[in-house]
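# Observations on the model geometry
The residues making up each chain are set out below.
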Amino acid sequence: MAKILIIEDEKAIAELIELNLSLTGHSCLRAAEAEEALELAMSQHPDLVLLDVMLPGRDGFDLIRELRQHDLPVIFLTARNSVVDKVQGLRLGADDYITKPFEPAELLARIDAVLRRTGHSDDSIFICGVEIKIEERMIRKNGENIELTAQEFNLLEVLVRNRNIAMSREKLLENAWGYDYVGETRTVDIHIQRLRRKLGWDSCLKTVYKYGYRLETEP
Ligand code: CA
């Protein structure tokens, strides 16, 4: 997974982001201001930078110029949501822009997308003995391909992108079937059972009582 530098002066937000990224297997570095951030960027070579716009001293718009000189992909992270700021951020070379407050799932998806686009993505993911290549929609276990239906794969992808995070049945329906899908949460249960059977994931695809499911990557 990737090494991500979080540049954010609000400690609670930085900690929350780090927690979510760590759960999905990313490693994190944190800086609360420009000097510290640039030092880490140059010495640690992160794969991606999450950059808050409003920082004490030099702000994110100023900082991005230097980060881009080192070829680092940048996602702006800010409470501002005016069109002017978005345009300026993207013009300065940001790869994406996300406004606070955001859902962890959305942040993770955007990070994955930027990592893929910029070629920093580690192609294969190994979870509970199964090799998964999301882009190629390929699943392999013990050297053999496993066939999944399109819908089973969509559900798997959502679980993998949110691994180690408890997902409600409603959230899984919304993300794996689509916002306007009129379905029953029972549909999710049926597909989960199929994934457990096909992948041998009885022990790591956990039921969260009266809520939903969690894909656990730690044994
Ligand atoms: Ca800030």
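Residues numbered from 1 in each chain as written. Predicted model: local features only at pLDDT ≥ 70, side-chain atom pairs only at ≥ 80, totals over all residues. Heavy atoms only, no water.

### Some remarks on the sheet that holds strand β3 (residues 48-52)
The five strands are arranged β2-β1-β3-β4-β5 in an open sheet whose pairing can be described as parallel. Every interior strand has two partners, whereas the edge strands, β2 (27-31) and β5 (96-99), have only one. Pairwise comparison of adjacent strand axes, ignoring direction, gives a mean angle of 20 degrees for this sheet. (Pairing = 2+ DSSP bridges. Helix = DSSP H or I, 4+ residues; strand = E, 2+ residues; numbered from the N terminus. Axes fitted to C-alpha atoms, helices over the stretch in contact; angles between N-to-C directions.)

### A word on the coordination of the calcium ion
Coordination of the calcium ion by the protein is provided by Asp9 (OD), Asp52 (OD) and Met54 (O), with metal-donor distances spanning 2.1 to 2.3 Å. Along the chain, the residues donating to the calcium ion fall in the pattern D-x42-D-x1-M. You can call Asp52 buried: its relative accessible area is 1%. Take Met54: its relative accessible area is 48%, and that puts it in the partly exposed class. (Donors = N, O, S within 2.8 Å, 3.2 Å for Na, K, Ca; no water. Buried < 20%, exposed > 50% of the residue type's maximum accessible area, 1.4 Å probe, protein only.)

### Concerning unusual backbone geometry
With an omega dihedral of 0 degrees, the bond running from Lys100 to Pro101 counts as a cis peptide bond. Secondary-structure assignment places Pro101 in the loop between β5 and α5 (104-117). One non-glycine residue with positive phi stands out, namely Lys210, at about 55 degrees. The class for Lys210 is exposed, based on a relative accessible area of 73%.

### What to know about the domain arrangement of the protein chain
Its domain assignment divides the protein chain into domain 1 (3-117) and domain 2 (124-215). When each unit is reduced to the centre of its C-alpha atoms, the spacing between domain 1 and domain 2 is 29 Å. The interface is formed by eight residues belonging to domain 1 together with seven residues belonging to domain 2. Together, the buried faces of domain 1 and domain 2 total about 760 Å²; carbon and sulfur atoms form 47% of this surface. Taken as a group, Leu23, Thr24 and Arg116 account for 55% of the area that domain 1 buries against domain 2, more than any other trio of residues on that side. Run the count over domain 1 and domain 2 and you get four residue pairs in polar contact (both at pLDDT 80 or more). (Domains from an automatic or database assignment. Contact = heavy atoms within 4.5 Å. Buried area = accessible area lost by both parts, 1.4 Å probe. Polar contact = N/O pair within 3.5 Å; in protein donor to acceptor, adjacent residues only side chain to side chain.)

### Re α5
Taking 1.5 Å per residue as the helical rise, α5 with its 14 residues ought to reach 20 Å, and the 20 Å between its terminal C-alpha atoms agrees with that figure. Looking at α5, one finds that the buried residues are Leu107, Leu108, Ile111, Asp112, Val114 and Leu115. Buried residues in α5, looked at end-on, bunch into an arc of 165 degrees, giving them a common side. Among the residues trailing α5, Gly119 stands out with phi positive, at a value near 75 degrees. (Expected span 1.5 Å × (residues − 1). Arc of directions from axis to C-beta.)

### Thoughts on the environment of Tyr213
Mapping Tyr213 onto the fold places it in strand β12 (residues 212-215). Residue classification places Tyr213 among the buried positions, given a relative accessible area of 4%. In contact with Tyr213, not counting residues within four places along its chain, are Ile165, Ala166, Met167, Arg169, Leu172, Val188, Asp189, Ile192, Arg196, Lys206, Thr207 and Val208. At 2.6 Å, the side chain of Tyr213 and the side chain of Asp189 are in polar contact.

### What to know about the state of the cysteines
Under the defined criterion, the tally for this structure stands at one disulfide. Between the sulfur of Cys128 and that of Cys204 lies a disulfide, 2.4 Å long from S to S. Pair noted here: Cys128 is in the loop between β6 (125-127) and β7 (130-133) and Cys204 is in the loop between α8 (185-199) and β11 (205-208), with a separation of 76 residues, a long-range link. Classification of Cys128 as partly exposed rests on a relative accessible area of 30%. Looking at Cys204, the relative accessible area reads 5%, which means it is buried. (Disulfide = S-S within 2.5 Å.)

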